[in-house]
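An overview of the molecular structure
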Amino acid sequence: MPVETRSIRNRSAVGRFPAITLGWGEDPEGEKEDPEEDKPEEGACCRWLRMICPCCCPRPDDDDISDTVDTAIDDVDKNDGINGENDGINGEKPVTGESELEELLLKVRSVDLMKTKSGQNRTEHHTDRYHGNDLIIRRGQTFQMWLKLSRPFDPKTDKLHLELKTGSLPTVAKGTHVIIPLVEELEDDRWEAAIVKQDGNRIKLSVNSLPTAVTGRYQLTVATHCPKGEATSTHDPTNDIYMLFNPWCEDDTVFMDAEDKRNEYVLNDIGRLYYGTEKQIGARTWNYGQFDEGVLAACLYVLEKSGTPPSGWGDPVNVVRVVSAMINSPDDRGVVEGNWSGNYSDGTSPTVWSGSVEILKNYHTSGGIPVKYGQCWVFSGVATTVLRCLGIACRSVTNFNSAHDTDISLTTDVYFDENLEPIDYLNTDSIWNFHVWNDCWMARSDLPPGMGGWQVVDATPQETSQGVFRCGPASVSAVRNGQVYLKHDCPFVFAEVNSDKIYWQRNLDGTFTQFHNEKNTVGHFISTKAIGSDERNDITHLYKHPEGTEEERIAVETACRYGSKPEAYSSPTAEDVSIEVTMEGEGPRMGGDPELTIVLRNSSSQHRKIILHSQVAVMYYTGVHKATAKKDRTEVELLPSEVKTLEWTLEYKHYQDKLVDQAALMLTLSGRVSETQQLLATQFSFRLRTPDLVIKPFGEAMVGRKMAAEISFTNPLPRSLKGVIIHVEGLGLLTARKIALGDIGSHAAVSVTEHFVPTLPGPRKLLASLDCKQLTQVHGVTDITVQEKN
């Protein structure tokens, strides 16, 4: 549209705002009609209204995707020169028209999320197998996008930020409304965007997300600001962003460290489910299909249908608890309706299903009508699909001879009357030939250290948990050791795999007496598909100590003390022995043999004998168990009132190939006092201290003057370090850089000198850290005071 001009002195042709012409009166030269347009020209009133309210009066030929707020309507009067010396030809001054203002504004013309399956984003985020061309990414990881703007971006005057919204009531404080600022350089653990490339009107952004971000579907808009106004792009549903959990991100609580495990438990869309009896184990293939068309949308629909706030969908503990409840239908009209009657005439027999895709899509397209029918393996198969689809490592697990404890006694109870006839109305506990549930992988910061890793989630509606038919997540480690006081639902899972079967007879006075106990009845051949093959993998050892061992009996009796029938096991006649672990000084160093002290105290006046079991495990800092380094069994004799000190040592050879980043270890002690049956247990966490990098600066520290620093290090390990790299940086001293040192021999000392020129005065810190596979958490720092340039 051509720019209109009016004489400033012809006030009859000027409205209230001098920069806006209202079309009263005629231009002396008249308006020339564009020969290419036969539509009438838009009136000045419409143009003025559009400046006031652009959303109500959109520009007819606008082709961008932005909503605009104009904040720069020029007042021509303030620029009038004396005697009209700044006026236009014949004393007429050009007035800034709308088209000029539009050109000055910064608007978003289009957004390219680079979301094709084979593109960089989906390949790097391991989401290239999901159907469709939506942007599906994993949290805690950068992704790329292109913005096409109305003009070139000027970082000196232009500003820009992204906004992501999820849920019905997006809120910044709850993480469901995310404002992503534009920064010069990205940092970890925060929402940020940075320009990494500019090509004319196009800019390429690298966007970083939080590893704790809420998962789900986000709506994207882009807000721009410049001196001439502000604009916000219109939401385009085809550019919605799907955010998933990230087992590849170390800072995500669902992080899993082995690629073969991630390939199996996150990316494998075919599995095996086991059924039958412990002596006749059957297997069937199940199509999880987490990447199939419509499955991701159905999984998110399951979360939405739960009615839980999206602000909680960033916590995997909460998400798996929601999924456990929503896969069954009794109290929330979830995905699958259970049926054990044998009559399936109005639905599909549970044995007919061979995959989850049809079930989930039927539930979604029907608007949330439960699918008929399922039993335990169907609930488990669907749960595996949903959790893998959302990015949480998950597997289906079958327990043979699986107990169903109905009264939280943590035992399977069978009742008889005075004549040894079964009392049917009391015999509500049962033992299933098999039962299928799920393991999912996550850290458990809400539990004590060591409780992370595999967690039991059971979607079969057996018993309620906090009033809802759901179960878990229950730490497998807690179940194994009888720590049933830890959330969620550990007592029920413990009873499934390790409860004793106790027989009771009613007495004449109505009380019951225990007359028989079967200790090896439940929890056999706990099975899951092996990694990378269709073989069955027996994981019973993860759920319980070997049957009949002292550790297993301690776990059972510890658990039952928290049940509804603690009297089922004799209480200790006395609790007069105590145990503790101590450590001298700052603790053991990496490469050495850690030494701890175990102190046993006998406060009684009698002799005591203890069978003490010790186990030291390598731990992630999140509390997830990595590997067992060493196990021992010791008999200890205590004299009356004796305090005995035991020296415990872990040789380097036992942990050298098992350590992870934080070099954390946990010693677990458990035992029983033979004379009193008192149980002893304690855990002690410690880490192996790593050496520091020693940094020694040389030369005068002055802005603009070259100086140097020597970085030295001694390998503490009796083995070579391979491919060592030192990272060095310092604000105002030098930008981050890497120094390759290559291999460092056993106990060898090395040093390197780095030259740099300080750019900022004042107190500064030079930091360095060492990176290699065999040794981590090695770093150093030195203070440098930089003088002003002379």
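The notes below deal with the structure included here. Counting restarts for each chain: residues are numbered from 1 in the order of the written sequence. Totals for whole chains, interfaces and linings use all residues, but because this is a predicted model, local features are given only for residues with pLDDT of at least 70 and pairs of side-chain atoms are given and counted only at 80 or more. Hydrogen atoms and water are omitted, and side-chain values are computed over all heavy atoms in the structure.

Given 3.6 residues to a turn, an α-helix orients residues that are three or four positions apart in the same direction. Exposed residues in this analysis have more than 50% of their type's maximum accessible area, buried residues have under 20%, and partly exposed residues fall in between, with area computed by a 1.4 Å probe over protein chains only. Secondary structure elements are taken from DSSP: a helix is a run of H or I of four residues or more, a strand is a run of E of two residues or more, and numbering for both begins at the N terminus. All of the buried residues along helix α4 (residues 259–267) are Arg262, Glu264, Tyr265, Val266 and Leu267. The contact rule is simple, with two residues in contact once any of their heavy atoms fall within 4.5 Å. Elements that come into contact with the buried residues of α4 comprise β3 (135–138), α8 (376–390), β16 (394–404), β19 (453–457) and β25 (524–529).

On to the sheet that holds strand β38 (residues 749–756), then. Here, any two strands with at least 2 DSSP bridges between them count as paired. With antiparallel pairing, 3 strands are arranged side by side in an open sheet as β34-β35-β38. With partners counted over all chains shown, the strands left at the sheet margins are β34 (694–698) and β38, one partner each. The average undirected angle you get between the axes of adjacent strands in this sheet is 20°. Across 8 bridges, strand β35 (residues 707–714) lies against β38 in antiparallel orientation. Of the residues in β38, the one forming a bridge with Ala709 is Glu754. To get an axis, a line is fitted to the C-alpha atoms, and for a helix only the part in contact is used. The angle between two axes follows their N-to-C directions and goes from 0 to 180 degrees.

A few words now on helix α12 (residues 550–560). α12 sits mainly inside the fold: 9 of its 11 residues count as buried. Among all positions of α12, only Glu551, Glu552, Arg553, Ile554, Ala555, Val556, Glu557, Ala559 and Cys560 are buried.

Moving on, we get to the packing of helix α5 (residues 295–305) against helix α6 (residues 316–326). At their nearest, the axes of α5 and α6 sit 10 Å apart, and the two run at 90° to each other. It follows from the interaxial angle that α5 and α6 lie roughly perpendicular. Contacts between α5 and α6 involve Val302, Leu303 and Lys305 from the first element and Val319, Val322, Val323 and Met326 from the second. Reported orientations rely on four angle classes, namely roughly parallel under 35 degrees, roughly antiparallel over 145, roughly perpendicular from 65 to 115, and oblique for the rest.

Here Ala629 shows up in strand β30 (residues 625–638). When its relative accessible area of 11% is taken as the criterion, Ala629 is described as buried. Distance from Ala629 to Gln656, taken between C-alpha atoms, is 9.2 Å for residues 27 residues apart in sequence. Non-local contacts of Ala629, meaning those with residues more than four positions away in its chain, are made with Val616, Ala617, Val618, His654 and Lys658.

Here the focus is the pattern of salt bridges. Think of a salt bridge as a Lys or Arg side-chain nitrogen and an Asp or Glu carboxyl oxygen that are within 4 Å of each other. All told, the structure shown has 31 salt bridges when counted by the stated rule. A salt bridge links Arg190 to Glu187, with the shortest nitrogen-to-oxygen separation between them at 3.5 Å. One salt bridge in this structure joins Arg217 and Asp240, with 2.7 Å as the shortest N-O distance. With Arg217 in strand β9 (residues 216–226) and Asp240 in the loop between β10 (229–233) and β11 (241–244), the pair connects residues that are 23 residues apart, well separated along the chain.

This paragraph deals with the side chain of Asp417. Position of Asp417 among the secondary structure elements: in the loop between β17 (412–416) and β18 (430–442). Each residue touching Asp417, except ones within four places of it in the same chain, is listed here: Ile423, Gln505 and Arg506.

Packing of α5 against helix α7 (residues 357–365) leaves a shortest axis separation of 9 Å and a crossing angle of 55°. In terms of orientation, α5 and α7 fall into the oblique class. In the packing of α5 onto α7, the handedness of the crossing is left-handed. Residues Val295, Ala297, Ala298, Cys299, Tyr301, Val302 and Lys305 of α5 form the contact with α7, whose own contacting residues are Val357, Leu360, Tyr363 and His364. Across the contact of α5 with α7, the residue classes break down as 9 nonpolar, 1 polar and 1 charged. Throughout, a crossing is termed right-handed when the near helix is turned clockwise from the far one, and left-handed when it is turned anticlockwise from it by less than a right angle. Three classes are used: nonpolar for Ala, Val, Leu, Ile, Met, Phe, Trp, Tyr, Cys and Pro, charged for Asp, Glu, Lys and Arg, and polar for all others, with Gly counted as polar.

Nonpolar side chains (Val, Leu, Ile, Met, Phe, Trp, Tyr) are joined into patches within 5 Å and like charges within 9 Å, using only residues with over 30% relative accessible area and no salt bridge. Calculation of accessible area relied on Shrake-Rupley with a 1.4 Å probe; when residues are assessed, cover is drawn exclusively from the protein chains displayed. Only four residue types enter the charge count: Lys and Arg as positive, Asp and Glu as negative, with His and the chain ends excluded. Taken as the charge location is NZ of Lys, CZ of Arg, CG of Asp or CD of Glu. Negative charge collects at one region of the surface, where Asp188, Asp189, Glu250, Asp251 and Asp257 lie side by side. Under the relative-accessibility criterion, Asp257 is labelled partly exposed at 33%.

Let us now look at the sheet that holds strand β26 (residues 536–538). Two orientations exist for strands paired in a sheet by backbone hydrogen bonds: parallel and antiparallel. The strand order β22-β19-β18-β16-β25-β26 describes an open sheet built from 6 strands, whose pairing is antiparallel. Edge positions in the sheet fall to β22 (474–475) and β26, since each has one partner strand and no second. Relative to β22, β19 runs antiparallel, the two sharing 2 bridges. Residue pairing for β22: Gln455 is matched across the bridge by Ser475. Of the strands in this sheet, β16, β18, β19, β22 and β25 touch helix α10 (residues 490–498), which is tilted by about 70° from β16.

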